[in-house]
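Coordinates in review
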Amino acid sequence: METTAAGLSRRRNQGGCQAAGGADTLWAMELSVTLREPRKRAELFGPGDRYLRRIRDSLGVQLQARNTTVRILGASAAVARAAAVIERLQDLLGKQDDLDDDAVDEALAGAERSEGTTDVDAIRVFGRESISPKTAGQRLYLHAMLEHDLVFCVGPAGTGKTYLAVAIAVHLLKMGKTKRIALVRPAVEAGERLGFLPGDLQQKVNPYLRPLFDAMHDMMTYDQLKRFMVNDVIEVIPLAYMRGRTLNHAVIILDEAQNTTVPQMLMFLTRLGNHSTMIVTGDDSQTDLDPGQTSGLRDAIGRLRGCAGIEVLRLSATDIVRHRLVHEIVRRYGDQGAKDAPGGPESDNHISGGDAPPDQPDPQASER
């Protein structure tokens, strides 16, 4: 099933399998589900679209069936459940020739049972079946993001800090458990001064935000991402433009947080609104800040460790899932710099790394 989506859009009721009416309605979310086997459209929809009407009435959504797609409009959670029901029914039709009322009832009941539960071994996103943790440390990281309002995750390159944070955000959006995603990064150059960059604001900041775009493109199509961004469901923004905002019902991710100053980190953390989750990632063993500046990531971990609702996690070299040579590169650079480099603040939770803090430099700028 290929799914495209747009949120927070105003649509006019028209056609398809929904109640009649002509007034404009403000929908929380819209999903367009592409049929896997268009030739089985009649079997999926039921006689006279009866199965679609049952889904509509049971979940309180609006359905518009056209050609090879079904558009679902309504509250975020209800839309996610309706999409799950249609997915279950398409699975059944892949194994049998027809459906009946009992199959539809079972699919509706199954979607209700799964409401509020997430298996961290199968994080569902838009562009692929699922994303799974590859190490014990990554599994604990996923648990922490699902269970806490504010999570700090530190560790070397290649451990999936940013990639898994984006995966959780996309999963919560798909399941209707959040309304928007904000991806934030400080615009700090890694040891270089590029000077004036041509273009408008978006063109200037795109190089700094590229790792976040790369992660997003792996979890949804270009058209899906573009539509979400046009409707402000997904924002990819530099840290400097966060001041004065409060983000409710959102997942907010700060990447490369070791390159924030203490005032910047305070400004960012206080953007957390109601019913939101904030995830802060970085490698606290090195920064690209000017000499003498204190990393806001290190400072925040030291100040906030032990606060209720806040989790501080540390991934280690054993959690690296990139090319096998990255593990060796990180280890050797870490061994070389261990004598002179100051260690980052200790975490309450050392994941997959024993008691020794894995303070290795990051040989790559992006995280996946």
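A brief report on the enclosed structure follows. Predicted model, so just to flag it, every value in this text is computed and none were measured. Along every chain, residues carry numbers that run from 1 in the direction the sequence is written. Where totals are concerned, whole chains, interfaces and linings use all residues; where local detail is concerned, this predicted model gives features only for residues with pLDDT of at least 70, and gives and counts side-chain atom pairs only at 80 or more. Side-chain metrics rest on all non-hydrogen atoms present in the structure, leaving aside hydrogens and water.

Describing the overall build of the protein
Applicable threshold: Strands here are runs of E lasting at least two residues and helices are runs of H or I lasting at least four, both read from the DSSP assignment and numbered beginning at the N terminus. Each residue gets one of three labels from its accessible area relative to the maximum for its type: buried under 20%, exposed over 50%, partly exposed in between, using a 1.4 Å probe on protein chains only. Using the Shrake-Rupley algorithm and a 1.4 Å probe, accessible areas are obtained, with residue cover drawn only from the displayed protein chains.
Looking only at helices and strands, one finds 11 helices and 13 strands in the protein. The buried share of the protein, taken over its 368 residues, is 50%. For the protein, the exposed area adds up to about 16800 Å²; of that, 49% sits on carbon and sulfur atoms.

Considerations on the packing of aromatic side chains
Selection criterion: Only Phe, Tyr and Trp rings take part, Trp by its six-membered ring, and two of them pair if their centres are within 6.5 Å. Stacked means planes under 30 degrees apart, edge-to-face means over 60, and tilted covers everything else.
Throughout the structure, instances matching the rule amount to one aromatic pair. An angle of 50 degrees between the planes, with centres 5.6 Å apart, marks the rings of F126 and F228 as tilted. In this pair, F126 sits in the loop between α4 (101-114) and α5 (136-147) while F228 sits in helix α8 (residues 222-230), placing the two residues 102 residues apart along the sequence. Each member of the pair, F126 together with F228, is buried.

Details of the pattern of salt bridges
What counts here: Salt bridge, as used here: a side-chain nitrogen of Lys or Arg that lies within 4 Å of a carboxyl oxygen of Asp or Glu.
Taken as a whole and judged by the stated rule, the model has 13 salt bridges. Linking D57 and R56 is a salt bridge whose minimum nitrogen-to-oxygen distance equals 2.9 Å. Ionic pairing is found between R185 and E256, a salt bridge with its closest N-O pair at 3.2 Å. Of this pair, R185 sits in strand β8 (residues 180-185) while E256 sits in the loop between β10 (250-254) and α9 (262-269), and the two are 71 residues apart along the sequence. Residue R185 is classed as buried on the basis of its relative accessible area, which comes to 8%. Owing to a relative accessible area of 10%, E256 belongs among the buried residues under this scheme. If you follow the salt bridges from partner to partner, you end up with R50, R54, D101 and D105 in one network.

What to know about a negative patch on the surface
Defined as follows: Patch definition: residues with relative accessible area over 30% and no salt bridge; like charges joined within 9 Å; nonpolar side chains (Val, Leu, Ile, Met, Phe, Trp, Tyr) joined within 5 Å. The convention is simple: Lys and Arg are positive, Asp and Glu are negative, and His and the chain ends are not counted. Throughout, a charge is located at the NZ atom of Lys, the CZ atom of Arg, the CG atom of Asp or the CD atom of Glu.
Taken together, the side chains of D97, D98, D100 and D102 make up a negatively charged region of the molecular surface. Assignment of secondary structure puts D98 in the loop between α3 (76-93) and α4. A relative accessible area of 46% means that D98 is categorised as partly exposed.

Concerning unusual backbone geometry
Its identity as a non-glycine residue notwithstanding, D232 has a phi of 60 degrees, on the positive side. Positionally, D232 belongs in the loop between α8 and β9 (234-238). The backbone phi angle of H249 is positive, close to 50 degrees, even though this residue is not glycine. Mapped onto the elements, H249 comes out in the loop between β9 and β10.

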